[in-house]
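Observations on the model geometry
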There are 2 protein chains.
Amino acid sequence: MISGLPMAVPEPGLPARVRIHEVGPRDGLQNEKAIVPAEVKAEFIRRLAAAGLGTVEATSFVHPKWVPQLADAEQLLPLLDGVPARLPVLVPNARGLERARALGAREVAVFGSATESFAKANLNRTVDESLEMFAPVVAGAREAGLAVRGYLSMCFGDPWEGAVPLEQVVRVARRLLDLGCDELSLGDTIGVATPGHVTALLTALNEAGVETGRLAVHFHDTYGQALANTLAALRHGVTTVDASAGGLGGCPYAKSATGNLATEDLVWMLDGLGIDTGVDLGRLTATSVWMAEQLGRPSPSRTVRALSHQEP
Amino acid sequence: MISGLPMAVPEPGLPARVRIHEVGPRDGLQNEKAIVPAEVKAEFIRRLAAAGLGTVEATSFVHPKWVPQLADAEQLLPLLDGVPARLPVLVPNARGLERARALGAREVAVFGSATESFAKANLNRTVDESLEMFAPVVAGAREAGLAVRGYLSMCFGDPWEGAVPLEQVVRVARRLLDLGCDELSLGDTIGVATPGHVTALLTALNEAGVETGRLAVHFHDTYGQALANTLAALRHGVTTVDASAGGLGGCPYAKSATGNLATEDLVWMLDGLGIDTGVDLGRLTATSVWMAEQLGRPSPSRTVRALSHQEP
């Protein structure tokens, strides 16, 4: 890293602090072809926490047949004892919640869709049926004192349906929150959003009574828009941003280039804006370089590539 | 492309129209290892103009020994007769201006540095000496009725000096404008800027009497910040943005990952914001795919990769 860069120059109207919700071990690895051993995942999560990430989504309790990359959730969680971070896990249904609770999970997430096409493709259910499936999960988790996050996919565009109307997203968002989700993460699953669209959706949610403080944003960098969209969300007051260490999640040269926003690119911007994240960019980059070696391919994050080539 | 995407949703406070200053054939190809034949460059420029780019920087009249990639400027310009675009060319000194004028160039650009280190490395001169060299070039070009652009490199950070103080940039910027440059392009040559820094520099320039209308921005995507920085500049009122088709200019896996902002990633955002550019994204992407084939390597633009893989 060149000493003193990025230079910290605050921009008026942005938050003083942002919480990064790190999704690399779950959303990143679930889209990698390679199946990573549980011990390597645990080491990855330990290093991410040591780099200052206070929330690291650890794994998913979906049926192992659906996502073989994360079939080792039962082996992984016990390896994470003592990791100093919040470690939410995905649970699709009552059986998943039961498995997660048996392992001592303290935070869970359900994953809904704003569109019928993706609900069908991802959950083999209608949007209504998926919400019915989530209802007892969210209720059960809350009764057990767990924090619950709701993911909402395809908030901006859908590969089958094209542009997704704002009111359709607002309707499903409201219902997920009404089920009892503490926080809602708005996903641009195919990376097509642009900054005005982000502002318009956040405004529409506010008008429907949803407070910005309960919203997180989850951008994909498919068209290179993720960081500009994040800037628009910060300007609107959002303070929770999802990102994936090293930009893990989908190969940039694969058919659908669905990489997540790279945590390092995000931290570079936030450091430059003087926004506190608690993350040490050097340690984080070293972690992503190490993980890229485990996966046998270079990191798609521009910041990781630039920093690791400048400091071999 | 998925029909109807990106969805056009304007963001309040942004300009209605942006002029893209396309630098791929010059700034892009000058940083490619390959030396591209003049006929291929001419075809590239013709296709860019046909895609709706109204300004395409064509080449540079530096000494052929400095930049062998652009040593064919004398062969190239006559091939561009009738191309429906402004075709500025770089000229470092009086000899370069003479060569450019002899070939009928209507617009020229000089390239200064905000830092002593880069002035020395790039021009083998101090900042003052380089301004002395430019003075007769700018005066001569204006006397001949040519439009003159001034480039200012290293406006945000410098690989030798680290962060560059705002007042240092303002001082050199003022002097380039005082020489008679019509427009000034603010370069983040090593890609380290962040949005607050961009806003602060534009504000400092305004306070020194420079109107935003005379300023263009030139961002590199080394750390993935280029589009977020562009958004900050648009919000400040900038309406001229430099970009390179396909993100040409420096291999993303090379030691110094110095890729330009990809024109396609920029157009995706501007289309999404409902900002008029006159560019047809499909034709532009097809041009970059064609050029990538000539160079024998994939485009580093995320939008080009996403669109070309989705529509093989």
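What comes next is a walk through the structure. Here the structure is a predicted model, which means the values were calculated and not measured. (Residues numbered from 1 in each chain as written. Chains lettered and ligands numbered in written order. Predicted model: local features only at pLDDT ≥ 70, side-chain atom pairs only at ≥ 80, totals over all residues. Heavy atoms only, no water.)

Here the focus is the relation of the copies chain A and chain B. Rotating chain A by 180° and translating it 0.0 Å along the rotation axis places it on chain B, where the RMSD comes to 0.0 Å. In symmetry terms, the pair is related by a two-fold rotation axis. Measuring from the rotation axis to each C-alpha of chain A, the shortest distance belongs to Ala228 of chain A, at 2.0 Å. (Least-squares fit on C-alpha atoms with pLDDT ≥ 70 in both.)

Residue and element names in this part refer to chain A. For the pair helix α2 (residues 38-50) and helix α11 (residues 281-295), the least separation of the axes is 9 Å and the interaxial angle reads 165°. Considering their axes alone, α2 and α11 lie roughly antiparallel with respect to each other. You can see that α2 and α11 cross each other, and the crossing is left-handed. For the pair α2 and α11, contact is made by Val40, Glu43, Phe44, Arg47, Leu48 and Ala50 and by Arg283, Leu284, Thr287, Trp290, Met291 and Gln294, respectively. Taken together, the residues of the contact of α2 with α11 sort by class into seven nonpolar, two polar and three charged. (Axes fitted to C-alpha atoms, helices over the stretch in contact; angles between N-to-C directions. Helix = DSSP H or I, 4+ residues; strand = E, 2+ residues; numbered from the N terminus. Parallel < 35°, antiparallel > 145°, perpendicular 65-115°, else oblique. Left-handed = near helix turned anticlockwise from the far one by under 90°. Contact = heavy atoms within 4.5 Å. Nonpolar A, V, L, I, M, F, W, Y, C, P; charged D, E, K, R; others polar.)

To continue, consider helix α8 (residues 195-207) of chain B. With 13 residues, α8 of chain B ought to run about 18 Å at 1.5 Å a step, and its terminal C-alpha atoms sit 18 Å apart, in line with that. Across the 13 residues that make up α8 of chain B, a large majority, 10, are buried. For α8 of chain B, the elements touching its buried residues are α9 (226-236) and α10 (263-272) of chain A together with α7 (166-179), β9 (183-188), β10 (215-219) and α9 (226-236) of chain B. (Expected span 1.5 Å × (residues − 1). Buried < 20%, exposed > 50% of the residue type's maximum accessible area, 1.4 Å probe, protein only.)

Another point: the sheet that holds strand β4 (residues 89-90) of chain B. Residues and elements named next belong to chain B. The sheet built from nine strands is open, its strands ordered β2-β1-β11-β10-β9-β6-β5-β4-β3 with parallel pairing. Two strands close off the open sheet at either side, each with one partner strand: β2 (55-56) and β3 (59-60). The pairing of strand β1 (residues 19-22) with strand β11 (residues 240-243) spans four bridges and is parallel. Counted as the bridge partner of His21 is Asp242 from β11. Its contacts with the sheet place α9 against β9, β10 and β11, and it is angled at close to 165° to β10. Each of β1 and β11 is contacted by helix α10 (residues 263-272), which is oriented at about 175° to β1, the strand it contacts most. (Pairing = 2+ DSSP bridges.)

None of the figures reported here should be taken as evidence of function without further support.
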